[in-house]
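Each chain, written out:
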Amino acid sequence: MLTRRIIPCLDCRDGRVVKGVKFQGLRDAGDPPTLARAYELQGADELVLLDVSATPDGRATAVETVRKVREMLSIPLTVGGGVRSAENARKLLEAGADKVGVNTAAVENPQVIRDIADQFGSQCSVVALDAARRLDGDGWEVVVLSGKKRTGIDAIEWAAKVVEFGAGEILLTSWDRDGTRSGYDLQLLNAVSRVTNVPVIASGGAATPQHLLEALDAGADAVLAASIFHDGEYTVGTIKQFLSEKKVPIRP
Amino acid sequence: MAEAPKVAVIRTGLANLASVLAGLRRAGAEPFVTENPADVQRTAYVVLPGVGAFGPAMEKLNGTGMADVLRERFEAGSPTLSVCLGLQLLHEASDENPGVAGLGIIPLSIRKFPDTVRIPQLGWNEVRPESSAAYLQNGFAYFANSYHAPAAAEGWTPAHTIYGVPFVSAIERGAWLACQFHPELSGDWGLQLLKNWLSLAPSRVIASELKQC
């Protein structure tokens, strides 16, 4: 049976892992290859490395970070943040990413999803879908530029559309929940996983093992979390132990 | 100390090669990437990684003359590891690109997973090899595939996995090993598999030739 994945996320800037709430007040949280290897040893099923620098210099550093992490890591690595074209994706894949996530660029030009899928295969084309509840409370809309801009695009319709364009996986982040430690947005997760037939990774809001369990029960194929692991409150191992006891299929 | 074995890794596309190379290095090998059929003829170990689609990959293998060299390696039984799409390319045909001929080393076809499961299969699934397998052991491996081999051909020892349907997750025959999963992304279990193949394959070449007689 296919097991559910536990995916720690490393937000990286200038060659370091950073953490903060909604990308504000970033604090240093360690060396990417060292943390990556530690998570693999704890039992992580995959890693996501998100480049949160916003400058061309930062992007170049990110490629170098991917290279260093790859040498240490023998589990899959997804890299996202600032990917604007198949050419950007190629650089990251050559450096050692196995999958590449596109976010803002996909909203501006969905063709970039198809370009990446055509050149490298759907299995390495991940769309990072950032969603927030509409201000009138009715449904969700896509947000871009690290949550700074609301697009008005219906998040559920967008999820179905990116799959048509060749996305092989959706990394779904609730911008309302991210950094709040109040749990994943289960309604959003359920709505997205119902309209697509590709795997969906839940992201945004996890603070306890119970939150991860809820997301998996709501239809997530994988759960992503950052601070819950960085703070050392839980290890991937203790969370997997908890999920196994709750009968979730987990890789031992 | 023995010299690190040289491994020619065939460039069939662009993605994921860095992971394959890093995995082989961790297993103690000295891998290099090549598009030159002569390298594939004369290097002791060859890896056929797979990324992208069946049709374009076959076009590339045929265009570079690599397809013929791979068939020669099969006849000689020389150590060869195929990964993911690499396993599928050994077959005759695939649902992915109907009408495109594969390498035809295995006289069977590749099918798409049923609609009842999420496609692609992304994640760790359980691999159960037959007890006579030389390289493969029970364990969890990382998969990233939309298509699968429903059955193993005669003469090959399979491992099975279930995703909606039972499918062949790996096959071995003499010094040949083909995996639908990614050993280079399958943690310590995958690393051990690479080491097993590197250390045992040379001694199994003859057995493969005998089988073909």
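Preceding block: the structure.
Before going into details, it helps to say that this report is about the structure given with it. (Residues numbered from 1 in each chain as written. Chains lettered and ligands numbered in written order. Predicted model: local features only at pLDDT ≥ 70, side-chain atom pairs only at ≥ 80, totals over all residues. Heavy atoms only, no water.)

**So, unusual backbone geometry**
We apply this condition: Segments assigned H or I by DSSP are reported as helices when at least four residues long, segments assigned E as strands when at least two residues long, and all are numbered from the N terminus. Partly exposed describes any residue whose relative accessible area lies between the buried limit of under 20% and the exposed limit of over 50%, with all areas from a 1.4 Å probe on protein chains only and scaled to the type maximum.
In this chain, isoleucine 119 of chain B is followed by proline 120 of chain B through a cis amide linkage whose omega measures 0°. By secondary structure assignment, the location of proline 120 of chain B is in the loop between strand E6 (106-112) and strand E7 (121-129). At arginine 181 of chain A, a residue that is not glycine, the phi angle is positive and equals roughly 60°. As for its placement among the helices and strands, arginine 181 of chain A is situated in the loop between strand E10 (169-174) and helix H7 (186-195). Unlike most non-glycine residues, lysine 247 of chain A shows phi in positive territory, near 70°. With respect to the secondary-structure elements, lysine 247 of chain A resides in the segment after helix H10 (236-245). Given a relative accessible area of 73%, lysine 247 of chain A falls into the exposed group.

**Comments concerning the interface of chain A and chain B**
This is how it is decided: Contact criterion: two residues are considered in contact whenever any of their non-hydrogen atoms come within 4.5 Å of each other. A simple way to read buried area is as the amount of 1.4 Å-probe accessible surface that goes missing from two parts once joined, with both sides added. By definition, a salt bridge exists where a carboxyl oxygen of Asp or Glu is found within 4 Å of a side-chain nitrogen of Lys or Arg. Nitrogen and oxygen atoms within 3.5 Å of one another constitute a polar contact, given that in protein one can donate a hydrogen and the other can accept it, and given that sequence-neighbouring residues count only through two side-chain atoms. The classification used treats Ala, Val, Leu, Ile, Met, Phe, Trp, Tyr, Cys and Pro as nonpolar, Asp, Glu, Lys and Arg as charged, and all other residues, Gly among them, as polar.
At the junction of the two partners, chain A supplies 37 residues and chain B supplies 30 residues. In this assembly, chain A packs against chain B so that about 2700 Å² is buried in total across both faces, 55% of it on carbon and sulfur atoms. Here chain A and chain B share two salt bridges between them. Of the charged contacts in the structure, one is a salt bridge between aspartate 221 of chain A and arginine 118 of chain B, with a shortest N-O distance of 3.4 Å. Here chain A and chain B share 19 residue pairs in polar contact (both at pLDDT 80 or more) between them. Ranked by the residues each element gives to the side of chain A that touches chain B, the list is headed by helix H3 (residues 86-95) of chain A, at four residues. Taken together, the residues that form the side of chain A that touches chain B break down as 15 nonpolar, nine polar and 13 charged.

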